[in-house]
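Structural description and commentary
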There are 2 protein chains.
Amino acid sequence: MQRKKIEKLRKELIQKTKKKVIEHYKGRDIHIIRAVNTLEDIDSVFNLLFEDIREWYSVHFPELERLVKGNETYLMLVAKLCNRTEFNKENILAYYSNKEQAEKIAKTAKKSIGSPLKEKDSKRISKLAEKCLSLKKQRNALCSYIESEMQKQMPAFTSIAGAILGARLLSEAGSIEKLAMMPSSTIQVIGAEKALFRHLKTGSKPPKHGIIFQHPLLRRVKRKNRGKMARTLANKLSIAAKEDFFGKKNNGKKLLEELEKKARELQ
Amino acid sequence: MQRKKIEKLRKELIQKTKKKVIEHYKGRDIHIIRAVNTLEDIDSVFNLLFEDIREWYSVHFPELERLVKGNETYLMLVAKLCNRTEFNKENILAYYSNKEQAEKIAKTAKKSIGSPLKEKDSKRISKLAEKCLSLKKQRNALCSYIESEMQKQMPAFTSIAGAILGARLLSEAGSIEKLAMMPSSTIQVIGAEKALFRHLKTGSKPPKHGIIFQHPLLRRVKRKNRGKMARTLANKLSIAAKEDFFGKKNNGKKLLEELEKKARELQ
């Protein structure tokens, strides 16, 4: 009898948990959170692979990295031309529109101190560069996916924070609901938990801002005013998050205007 | 006059440095080193991205990861089918040959507790899975590149250590020459520098092995005999490296046989 009861209870509890899990995964915000986490990883992955390719290719043509601006152009040249003998002006101009620089590169390629590449080496390197470029493409597609989703799910919040920063804040908070329930002082220090708890424990200075520091308006303000600006920004973000979650109104524009006015005052 | 002399000296020194740099990058071993470093990075990159994809896709179909063996099969199913409605038996069997398991997956897909995916979500996830798979392909191509290069540059060493482990040892040593100059006791603890210097400083136990621990013969031996086996392995590796660098003879086979005999004794 006892056993039967326990069995019944167990089943009911499993049912309840299942429901909760389903509930948790029902919102659209979970996709944004997963996407922005992936985005961060892709960024670090890209840098890691780029560094490897740069190091490897520099055996063959060490001068190139100084002559080209931008990782993507560099990768493009490596992927498409690779061997130094291919680096004549016409070929370079097909992937790099800077005429003056292209001439310089072509000239340097002829007298480079790098060692020659074999066919199989250049094949490996150029394939890697290609992969790296296509990762960048994926990153950009993911970025615009996040932007459109954020625009739809949290219009007011996004118009103030921007899509990527907004998505990061959302990811740290866990869900739109949790974000809407947060007081603005919490939003202000999201991502600076370490400094915050150090403050609470040892009495050191409290953090002025967490990841909202990445916001362009905050960077424009003078250093001594950043704490003030961060507080204002967090205030507006908190209002916007509540609007997005509870209401149908979108006062994002008005909030942003107020924020910009404040930024001008504190500049 | 003085200035002229300095200028001349400077130019000569630059010439000399240039020569040295060229010398350093002339060997074929530098390509192996760069390639094996890239290989390690690709491995960690793959794991990172796989984890992201798994987490994201689990919002839609959390049961799948337990039902499929192997990351690549999982990614293949996500990339090709993605939406749960596509998971019928025929579709699954196209990418996963296990008939019994395929049936199970198809059944689970129908009653999964995951939330539905929109078109745009599934597009993002499947593209990411595709990228991840193509990274794996690149990894394998790089792997066989390293194998063929190691076979050519260090035949004896490779026949004992294996291509990838051999390339890692080469990468830690810096060049074939440096590896050939190393005493076997150094080869034994390559990669365990931290433990070695702790031993020298504080008198703690010395490390028994560095990255040669990855060698299959070493893992087969009883725990208490591992130090002995590591010493023997390092001995043979050191002999092989010297053969590869100085001589034209390849005694790799003989060395390997001796090693295997020792392993049987110590088992």
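The structure reproduced in this document is the subject of the present report. None of these values were measured; they are calculated from a predicted model. (Residues numbered from 1 in each chain as written. Chains lettered and ligands numbered in written order. Predicted model: local features only at pLDDT ≥ 70, side-chain atom pairs only at ≥ 80, totals over all residues. Heavy atoms only, no water.)

Considerations on a nonpolar patch on the surface
All names here are of chain A. As a reminder, the rule being used: Here, patches come from residues exposed beyond 30% relative accessible area and free of salt bridges, joined within 9 Å for like charges and within 5 Å for nonpolar side chains (Val, Leu, Ile, Met, Phe, Trp, Tyr). Note on areas: Shrake-Rupley, 1.4 Å probe, and residue coverage restricted to the protein chains presented here. Salt bridges are identified by distance alone: a Lys or Arg side-chain nitrogen within 4 Å of an Asp or Glu carboxyl oxygen. Helix and strand assignments come from DSSP, with helices taken as H or I runs of at least 4 residues and strands as E runs of at least 2, each series counted from the N terminus. Residue burial is assigned from relative accessible area. The probe radius is 1.4 Å, only protein chains are included, and a residue is buried under 20% of its type maximum, exposed over 50%, and partly exposed in between.
Together, Met-181, Phe-245 and Phe-246 give the surface a local cluster of nonpolar side chains, amounting to about 320 Å² of exposed area. Tracing the backbone shows Phe-245 in helix H14 (residues 226-246). According to the relative accessible area criterion, Phe-245 is partly exposed, its value standing at 33%.

Structural notes on the relation of the copies chain B and chain A
Note on the chain copies: they are related by a rotation about an axis and a translation along it. Rules: For this overlay, a least-squares fit was computed on C-alpha atoms, restricted to residues scoring pLDDT of at least 70 in both copies. Residue contacts are defined here by distance: any two heavy atoms, one from each residue, within 4.5 Å place the two residues in contact.
Structural alignment of chain B on chain A gives an RMSD of 0.1 Å, achieved by rotating through 180 degrees and translating 0.0 Å along the axis. Accordingly, the operation relating the two chain copies is best matched by a two-fold axis. Using C-alpha coordinates, one finds that chain B approaches the rotation axis most closely at B:Val45, a distance of 2.9 Å. Interface residue correspondence from chain B to chain A reaches 100%, placing this contact among same-surface, isologous pairings.

Observations concerning the pattern of salt bridges
All chains considered together, the criterion is met by 22 salt bridges over all chains. Two residues, A:Arg168 and A:Glu40, come together in a salt bridge whose shortest N-O distance is 2.8 Å. Taken together, the residues span a long stretch of sequence, with A:Arg168 in helix H9 (residues 163-173) and A:Glu40 in helix H2 (residues 29-57) at a distance of 128 residues. Each of the salt bridges in this network shares a partner with another, and the network as a whole consists of A:Arg28, A:Glu149, B:Lys120 and B:Asp121.

Considering the packing of aromatic side chains
Heads up, the rule is: The aromatic pairing rule takes the rings of Phe, Tyr and Trp, using the six-membered ring of Trp, and pairs them if the centres are within 6.5 Å, calling planes under 30 degrees apart stacked, those over 60 edge-to-face and the rest tilted. The criterion is that NZ of a Lys, or CZ of an Arg, lies within 6 Å of the ring centre and within 35 degrees of the ring normal, and then a charge sits over that ring.
Scanning all chains against the criterion turns up 14 aromatic pairs over all chains. Between A:Phe50 and A:Tyr74, the aromatic rings sit 5.7 Å apart at their centres with planes inclined by 75 degrees, giving edge-to-face as the arrangement. With A:Phe50 in helix H2 and A:Tyr74 in helix H4 (residues 71-80), this residue pair connects regions lying 24 residues apart in the sequence. As far as burial versus exposure is concerned, A:Phe50 and A:Tyr74 are alike and both buried. Pairing B:Phe46 with B:Phe50 gives two aromatic rings, centres 6.3 Å apart and planes at 10 degrees, and the pair type is stacked. Here B:Phe46 pairs with B:Phe50, and both are found in helix H2 (residues 29-57), just four residues apart, close to one helical turn. In this pair, the class of B:Phe46 matches that of B:Phe50, namely buried. Note that A:Lys136 overlies the ring of A:Phe46, its terminal NZ or CZ placed 4.1 Å from the centroid.

Regarding the interface of chain B and chain A
How we decide: Accessible area, probed at 1.4 Å, shrinks when two parts are joined; the buried area is that loss added up over both. As used in this structure description, the phrase polar contact means that two N or O atoms lie within 3.5 Å; if the pair is within protein, one of them must be able to donate a hydrogen and the other to accept it, and residues adjacent in sequence are counted only when both atoms belong to side chains.
If you look at the interface, chain B gives 41 residues, while chain A gives 41 residues. Summed over the three residues of chain B that lose the most area to chain A, namely B:Trp56, B:Ile113 and B:Gln138, the buried surface amounts to 16% of that side. Across the contact surface, chain B and chain A share six salt bridges. Between B:Glu149 and A:Lys120 there is a salt bridge; the shortest N-O distance is 2.6 Å. Remark: the boundary between chain B and chain A carries 14 residue pairs in polar contact (both at pLDDT 80 or more). Listed by contribution, the elements that provide at least two residues to the side of chain B that touches chain A are helix H1 (2-24), H2 and helix H7 (119-153) of chain B.

Structural notes on the side chain of A:Arg28
Its location among the elements puts A:Arg28 in the loop between helix H1 (2-24) and H2. Among the residues examined, A:Arg28 registers a relative accessible area of 16% and is labelled buried. Separated by 2.8 Å, the side chains of A:Arg28 and A:Glu149 make a polar contact. Not counting residues up to four positions away in its chain, the partners in contact with A:Arg28 are A:Tyr145, A:Glu149, A:Gln153, B:Lys118, B:Lys120 and B:Asp121.

Brief notes about the side chain of A:Ser122
For A:Ser122, the position within the fold is in helix H7 (residues 119-153). Residue contacts for A:Ser122: discarding those within four places in its chain leaves A:Cys82 and A:Leu117.

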